[in-house]
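Chain residues, written in single-letter form:
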Amino acid sequence: MQPRYHISNERIKKYYPVNLQKLCQIADTQMEEVVTELIVGPESTQSIPILQDYLRDMGYGKLAEKITHSACPLRQKL
């Protein structure tokens, strides 16, 4: 698998694209069994109810119930 890069004004991020649905098919398992929890970070502006709606609409109703807010305190900005 080849790495990819996302370049923004603030940083360069390296990532490896993964097709989780394909991996689940190969492993003969379901996405809801692989992902045990979705944690929304402390600085995220993502609405949890909207994320839950999205997951339900995509057919991942069980994942929609596994979303929590991070308990991590915000990092201090310098």
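Our subject in this report is the structure included herewith. (Residues numbered from 1 in each chain as written. Predicted model: local features only at pLDDT ≥ 70, side-chain atom pairs only at ≥ 80, totals over all residues. Heavy atoms only, no water.)

### Notes on helix α1 (residues 20-27)
N-cap assignment for α1: the residue whose side-chain oxygen lies 3.2 Å from the backbone N of Gln-21 is Asn-19. Positive phi shows up at Asp-28, right after α1, with a value of about 55°. (Polar contact = N/O pair within 3.5 Å; in protein donor to acceptor, adjacent residues only side chain to side chain. Helix = DSSP H or I, 4+ residues; strand = E, 2+ residues; numbered from the N terminus.)

### A closer look at the side chain of Gln-52
Along the polypeptide, Gln-52 turns up in helix α3 (residues 48-57). Looking at Gln-52, the relative accessible area reads 19%, which means it is buried. In this structure, Gln-52 is in contact with Ala-64 and Ile-67, ignoring residues within four places of it in sequence. (Buried < 20%, exposed > 50% of the residue type's maximum accessible area, 1.4 Å probe, protein only. Contact = heavy atoms within 4.5 Å.)

### Some details on the pattern of salt bridges
Inspection of the entire model under this criterion finds three salt bridges. We note a salt bridge from Arg-11 to Glu-10, for which the minimum N-O separation is 3.6 Å. With relative accessibility at 46%, the residue Arg-11 sits in the partly exposed group. Across the pair Glu-65 and Arg-56 runs a salt bridge whose closest N-O atoms are separated by 2.7 Å. Salt bridges here are not isolated pairs; linked through shared partners, they connect Asp-53, Arg-56 and Glu-65. (Salt bridge = Lys/Arg side-chain N within 4 Å of Asp/Glu carboxyl O.)

### Digging into the pairing of strand β2 (residues 12-15)
Relative to β2, strand β1 (residues 4-7) runs antiparallel, the two sharing four bridges. By the bridge assignment, Arg-4 is partnered in β2 with Tyr-15. The hairpin turn running from β1 into β2, its antiparallel successor, is four residues long. (Pairing = 2+ DSSP bridges.)

### Overview of the side chain of Glu-32
Topologically, Glu-32 is positioned in helix α2 (residues 31-34). One buried charged side chain, Glu-32, makes no salt bridge at all; its nearest oppositely charged neighbour is Lys-62, positioned 5.8 Å away. Leave out the neighbours within four places in its chain, and Glu-32 touches Gly-59, Tyr-60, Gly-61, Lys-62, Leu-63 and Lys-66. (Lys, Arg positive; Asp, Glu negative; His and termini not counted.)

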